[in-house]
Amino acid sequence: MNPNISKLYLIGALFETHFFIAILVPFFKTLEFTMTEIFLLEAAFALTIVILEIPTGYFADIYERKTSLIISGLFGFIGISIFCLSTTFTGFLLGEILIAVSTSFASGAVEAFFYDTLLETHDEHKYKKVQGNAFLYQRLGGIIGTVTGSALATIFLRLPFYLSVIPPFIGMILIFTLREPVRHKIHHEHWNHFVKILKESFGNLRLRWFIIFAAFPRAFFLLGFWMYQAYMDFVQLPIFYFGIIVAGMGLISGLGSKFAAEIEKLLTPKFSLIAVPLIAVISWLIMANVNSMWGIIFIFSANAMWGFFMPVCNDFIQKIVTSDRRATVLSIMNLMPRLMFVAFSPILGQITDLYNIQTALLASAIMLPLLVTPFIFFFFRAHYASQAQTQ
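Before going into details, it helps to say that this report is about the structure given with it. Predicted model, so just to flag it, every value in this text is computed and none were measured.

**Notes on the overall build of the protein**
Per the secondary structure count, the protein includes 17 helices and zero strands. A globule of 391 residues ought to have a C-alpha radius of gyration of about 21 Å, and the protein, at 20 Å, matches this closely. Along the longest, intermediate and shortest principal axes, the C-alpha atoms of the protein span 55 × 45 × 35 Å. Considering only intrachain contacts with a sequence separation of at least 6, the fraction spanning at least 24 residues in the protein is 85%. With an accessible surface of roughly 15800 Å², the protein has 71% of that area assigned to carbon and sulfur atoms. Both charge centroids of the protein, one from 25 positive and one from 22 negative side chains, sit 7 Å from each other.

**Brief notes about the pattern of salt bridges**
Pairs may arise between side chains of opposite charge once their charged atoms sit close together. Under the definition given, this model contains three salt bridges. Asp-233 is paired through a salt bridge with Lys-29; the nearest N and O atoms lie 3.3 Å apart. Taken together, the positions of Asp-233 in helix α11 (residues 205-234) and Lys-29 in helix α2 (residues 24-30) put the pair 204 residues apart, joining distant regions of the chain. In this structure, Glu-120 engages Arg-179 in a salt bridge whose closest nitrogen and oxygen atoms are separated by 2.8 Å. Of this pair, Glu-120 sits in helix α6 (residues 109-120) while Arg-179 sits in the loop between α9 (166-175) and α10 (190-203), and the two are 59 residues apart along the sequence. With relative accessibility at 26%, the residue Glu-120 sits in the partly exposed group. Residue classification places Arg-179 among the partly exposed residues on the basis of a relative accessible area of 41%.

**Quick word on the nonpolar core**
Grouped together as the largest cluster of nonpolar side chains are 101 residues, with contacts concentrated most on Phe-161, Phe-210, Leu-273, Trp-284, Ile-317 and Leu-348. Per-element accounting of this core gives the leading share, 21 residues, to α11. Setting aside anything within four residues of it in sequence, one finds Leu-273 in contact with Phe-210, Phe-213, Phe-309, Val-312, Ile-376, Phe-379 and Phe-380. Counting 21 residues, the second largest nonpolar core, distinct from the first, contains Ile-5, Leu-8, Leu-118 and Tyr-127.

**Remarks on a nonpolar patch on the surface**
Taken together, the side chains of Tyr-137, Leu-140, Leu-251, Leu-255 and Phe-259 present a nonpolar region at the surface, about 390 Å² in accessible area. Listed by contribution, the elements that provide at least two residues to the nonpolar patch are α7 (127-153) and α12 (242-258). Of note, Phe-259 is situated in the loop between α12 and α13 (260-267). Note on Phe-259: relative accessible area 37%, which makes it partly exposed.

What counts and how
Residues numbered from 1 in each chain as written. Predicted model: local features only at pLDDT ≥ 70, side-chain atom pairs only at ≥ 80, totals over all residues. Heavy atoms only, no water. Helix = DSSP H or I, 4+ residues; strand = E, 2+ residues; numbered from the N terminus. Rg over C-alpha atoms; globule rule 2.2 N^0.38 Å. Contact = heavy atoms within 4.5 Å. Areas by Shrake-Rupley, 256 points an atom, 1.4 Å probe, with all protein chains shown as cover. Lys, Arg positive; Asp, Glu negative; His and termini not counted. Charge placed at Lys NZ, Arg CZ, Asp CG, Glu CD. Salt bridge = Lys/Arg side-chain N within 4 Å of Asp/Glu carboxyl O. Buried < 20%, exposed > 50% of the residue type's maximum accessible area, 1.4 Å probe, protein only. Core = buried A, V, L, I, M, F, W, Y, C linked by side-chain atoms within 4.5 Å. Patch = residues over 30% accessible without salt bridge, like charges linked within 9 Å, V, L, I, M, F, W, Y side chains within 5 Å.

Dropping the structure here:
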């Protein structure tokens, strides 16, 4: 295995090892934050990414992917350090923004780093499998963090925050050992180059509709992560088990990602895209009507779809976009779910505060199919038209 690949696997796992992530919602509630405030914090995170996603992806295309990852590691370490010390909404808001800056510099650059490394050895056909493995290792890092963190939280609720500064520090050291891969078709045209990429992303009908369609399920999966913690609190799950459940979510999504190629082959590419929102909606409808811990089971079916969807989406983009545009287009695709998260998170927060978390899950189950249906139709129409032109 190329050393870059194995190091990127480990770096991804380390940056996902947040010991506090599984108990964040109950922790905020001890500070008397409402669900609206919690969603506003996460919306600030998402909005920062929306603002920086494309410029940082472009930065990775023009300069080194490695430089982007170094900047990402630095901001992530500082942001998590601020999280450790904060007690107010403003303090956590600053931490969220800095961690979002870190995420933006890594977004797109990591996937492009993987693909360009594989191109050097003519192994680009392995990208879906490698990306699936990367997502699995990230989830494994998350599992270690969540299980350990929720157990530590029973001793001292802030202890998981203190320990969370260690993994990103180790990850920063590893980033410096990466070797920048050779890239293909690079033309540094600066602003004109950037505009050209944007036009390609939204001028190509197949690419445009796919990016918009894929954004809706991914946005609601992100929203779901925070709603699931509120649901577990609603059904009175002890905090010790929060980490176990969140770890199970990560494992299930990681397995969905690892076996994405096999699942897509079994379901066919077309039905795979339909199955993702369909299974998620069914899961949320059941949770909206189950008032006991048995409803937690259906968190896993929704998360399996999250894991499966990620490499399928990225593989489609990698196949139709050239190396010099890849990080920017991937950043655009990663930007869209965050933008939608900013739009929908305050709404779901308000619904939760005014009614309860089950009503918010019901609202999600209604909104997702209404939003996604027209765009999946537009995508399939453009996709088949493109195939007909190439025949």
